[in-house]
Amino acid sequence: MTRVFVPRDSGALAVGAEPVARAIAREAEARNIPVEIVRTGSRGLYWLEPMIEVETGAGRIAYGPVAAADVASLFDAGFVGGGTHAKRLGPPERIPFLARQTRLTFARCGITDPLSLDDYRAHGGYRGLEHALTLGPGGIVDTVTKSGLRGRGGAGFPTGIKWKTVADAASLQKYIVCNADEGDSGTFADRMVMEGDPFMLIEGMTIAGLAVRATQGFVYIRSEYPHAVATMEAAIAIARRAGMLGKVIGGGPLAFDIEVRVGAGAYVCGEETSLLESLEGKRGVVRAKPPLPAHKGLFGKPTVINNVLSFAAIPFILIEGAQAYAEFGMGKSRGTMPIQLAGNVKHGGLFETPFGITLGELVDDIGGGTVSGRPVKAVQVGGPLGAYFPRALFDTPFDYETFAKRDGLIGHGGIVVFDDTVDMAKQARFAFEFCAHESCGKCTPCRIGATRGVETVERIIAGDRRAENLAVVEDLCHTMKFGSLCALGGFTPYPVMSALTHFPDDFQAPPKGTHVQAAE
Ligand SMILES: Cc1cc2nc3c(=O)[nH]c(=O)nc-3n(C[C@H](O)[C@H](O)[C@H](O)COP(=O)(O)O)c2cc1C
Ligand code: SF4
């Protein structure tokens, strides 16, 4: 029986993976060719989706992008044996976009059946937990600290230090919360993990539970991710049935369980304290810090709250050791970063690579420039609160500190590409507008400042007292940056000021009538 792999990732489903899977089943039956269709996550080469793979004696052979209408001709061409066809891509690992990656976190994604525990184990799954059990809480925290792993949700806080704070907190009840709100524009890595390798997240959270002695975990997933919610729910049920979640894990002394909670669709609910409020059933409003969630988090108890990618990095670190992870990267940015290329880019997708790669390599070499074929004018890195970088800064290496020095942020690793038709004054307006729309309303600089920002940029765009209004925008940004309670108001100045600093002409020239490219 030949195995054919068809992704069930949302990105592949959106471009027709389901009809392709059905057509393969139909055609195989009609031709009496024994085929087993395995549904996988995505490899993350989204411009090639639906990308299907077939297992041959010489390894897997990929075809893409495949439409249902291609399936009969694929059978005619003998694709079940890896035959030649216009859509044949060859061995997937030799496609340059994949060949250039270092996949530690995404090693299994697109390869295994996300809901097969056997497949997961056969590809190294649960070896991290096994080793963690031999290390004990102190050893785990030590290993995570030494790996240099920093939170992948945006702030880049050292994960080991956070875990130690919770481990040291005196409380009978502690919680593990996974932040899967993934609100940043152009990002999808969390979703890919949950849909493509959910047991990895479950294992990472279980190890966190063991490290800090927490018995209950929650995954807070944005409502826009119904497939991720369904896959996580199914994986949790499978893990429970197999004794890998619940009162007694793996027959040992460890108890840990996980529940999924679905967010209601507010960007600010990705902010950790707002998320905790939402998880408690309240409105998603930011809490003042201190106390930190590590001391007083969910229901007032010490809580580890980490991004999906932070937890997902844990099994590798526990299996291969802190040093193996820390060997990758530059400066204080250790390990790999799953970077997401999106927007007006030819080769959009998931590119996991050690820190240190430059923006130019990512956008021009790996992303292949714009899909429109026009020159790249700007890229926004790190979501809607991230700075716009001009081509002149494409030598910037992916590294938390270097980005900060250049008034930018890495955030969750999303890069949104814009071509030369973008009007940066309108993008600056959009940044304020986004903040005004998403503000939780708790503090004045953000609640009022963002709305004043929209009005002021509109005046600039209309050519009304440009110099004075530009000064008002700068002043407003200063107030928001230093007076806001959280990074929604505090970081909105990044996209605004970077647009002003790097693209001043767009604020001087008369309105060009070009459209605003909303980066969502
Ligand atoms: C407005 C706002 C939105 C955020 N959205 C997310 C999000 O969608 N996912 C996420 O993991 N972190 C998000 N964060 C960061 C979290 O507050 C927090 O730093 C993170 O969950 C900690 O996990 P980490 O240390 O693993 O990154 C957001 C922060 C702010 C201020
Ligand atoms: S900065 Fe905005 S989102 Fe953050 S607490 Fe203040 S009002 Fe709420």
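In this report, we go over the structure that sits alongside the text.

**A few points about the pairing of strand 13 (residues 349–354)**
Move 1: Burial of strand 13 is extensive: six of the six residues sit out of reach of the surface.
Move 2: Relative to strand 13, strand 12 (residues 336–343) runs antiparallel, the two being bridged by six bridges. Counted as the bridge partner of Met-337 is Thr-353 from strand 13.
Move 3: Here strand 12 folds back onto strand 13 in antiparallel fashion, the turn holding five residues.

**Quick notes on the sheet that holds strand 9 (residues 303–307)**
Two modes of strand pairing occur in sheets, parallel and antiparallel, and in both the strands are linked by backbone hydrogen bonds.
Move 1: Taken together, four strands build an open sheet; the order of strands is 8-7-6-9 and the sheet is parallel. Strand pairing shows two members of the sheet lacking a second neighbour, strand 8 (257–262) and strand 9, which therefore form its edges. Each adjacent strand pair in this sheet contributes to an overall mean axis angle of 20 degrees, direction not counted.
Move 2: Of the strands in this sheet, strand 7 (216–221) and strand 8 are in contact with helix 10 (residues 226–241), which crosses strand 8 at around 165 degrees.

**What to know about the site of ligand 1**
Move 1: As a structural note, the neighbourhood of ligand 1 is formed by 19 residues, with Gly-153, Asn-179, Asn-306, Asn-307 and Ser-310 the closest of them.
Move 2: Between ligand 1 and Asn-306 there is a distance of 2.8 Å, counted from an oxygen atom to a side-chain nitrogen or oxygen.
Move 3: Protein contacts shield 92% of the accessible area of ligand 1, which totals 620 Å² for the unbound molecule.
Move 4: Taken together, the elements giving at least two residues each to the shell around ligand 1 come down to strand 9 and helix 20 (487–491).
Move 5: In terms of residues, the shell around ligand 1 owes the most to one element, strand 9, which gives three residues.
Move 6: Counted by class, the shell around ligand 1 contains four nonpolar, nine polar and six charged residues.

**A word on the packing of aromatic side chains**
Move 1: Scanning all chains against the criterion turns up 17 aromatic pairs.
Move 2: When the ring of Trp-47 is compared with that of Phe-97, the centres are 4.9 Å apart and the planes differ by 75 degrees; the resulting orientation is edge-to-face. Taken as a pair, Trp-47 in the loop between strand 2 (35–40) and strand 3 (52–56) and Phe-97 in helix 4 (residues 96–99) lie far apart in primary sequence, 50 residues in all.
Move 3: According to the relative accessible area criterion, Phe-97 is buried, its value standing at 5%.
Move 4: For the ring pair Tyr-120 and Tyr-126, a centre distance of 5.5 Å and an interplane angle of 90 degrees mean the geometry is edge-to-face. One exposure class covers both Tyr-120 and Tyr-126, and it is buried.
Move 5: The structure contains a cluster of three or more aromatic residues connected by ring pairs, namely Trp-47, Phe-97 and Phe-351.

**Considering the nonpolar core**
Move 1: In this structure, Trp-163, Met-194, Leu-201, Val-219 and Ile-221 are the most contacted members of the largest nonpolar core, which totals 66 residues.
Move 2: In terms of residue count, the dominant contributor to this core is helix 9 (residues 198–212) (ten residues).
Move 3: The residues contacting Ile-221, other than those within four sequence positions of it, are Ala-180, Met-194, Ala-228, Val-229, Met-232, Val-260, Arg-261, Val-262 and Gly-263.

**Overview of the sheet that holds strand 16 (residues 414–419)**
Move 1: Strand order in this open sheet of five strands is 13-12-16-14-15, and the pairing throughout is mixed. The sheet is open, and its two edges are formed by strand 13 and strand 15 (388–390), each paired on a single side. Shown here is a sheet whose adjacent strand axes are inclined to one another by a mean of 30 degrees, direction ignored.
Move 2: As judged from the four bridges shared by strand 12 and strand 16, these two strands associate in the parallel manner. When the sheet's bridge partners are listed, Gln-340 is paired in strand 16 with Gly-414.

**Description of the environment of Thr-165**
Move 1: Looking at where Thr-165 falls in the secondary structure, it is placed in helix 7 (residues 159–168).
Move 2: What makes Thr-165 partly exposed here is its relative accessible area of 25%.
Move 3: Sequence spacing of Thr-165 and Gly-373 is 208 residues, and the spatial spacing of their C-alpha atoms is 50 Å.
Move 4: Residue contacts for Thr-165: discarding those within four places in its chain leaves Ala-294 and His-295.

Definitions and limits used
- Residues numbered from 1 in each chain as written.
- Chains lettered and ligands numbered in written order.
- Predicted model: local features only at pLDDT ≥ 70, side-chain atom pairs only at ≥ 80, totals over all residues.
- Heavy atoms only, no water.
- Buried < 20%, exposed > 50% of the residue type's maximum accessible area, 1.4 Å probe, protein only.
- Helix = DSSP H or I, 4+ residues; strand = E, 2+ residues; numbered from the N terminus.
- Pairing = 2+ DSSP bridges.
- Axes fitted to C-alpha atoms, helices over the stretch in contact; angles between N-to-C directions.
- Contact = heavy atoms within 4.5 Å.
- Near = heavy atom within 4 Å.
- Polar contact = N/O pair within 3.5 Å; in protein donor to acceptor, adjacent residues only side chain to side chain.
- Areas by Shrake-Rupley, 256 points an atom, 1.4 Å probe, with all protein chains shown as cover.
- Nonpolar A, V, L, I, M, F, W, Y, C, P; charged D, E, K, R; others polar.
- Phe/Tyr/Trp six-rings, centres within 6.5 Å; stacked < 30°, edge-to-face > 60°.
- Core = buried A, V, L, I, M, F, W, Y, C linked by side-chain atoms within 4.5 Å.

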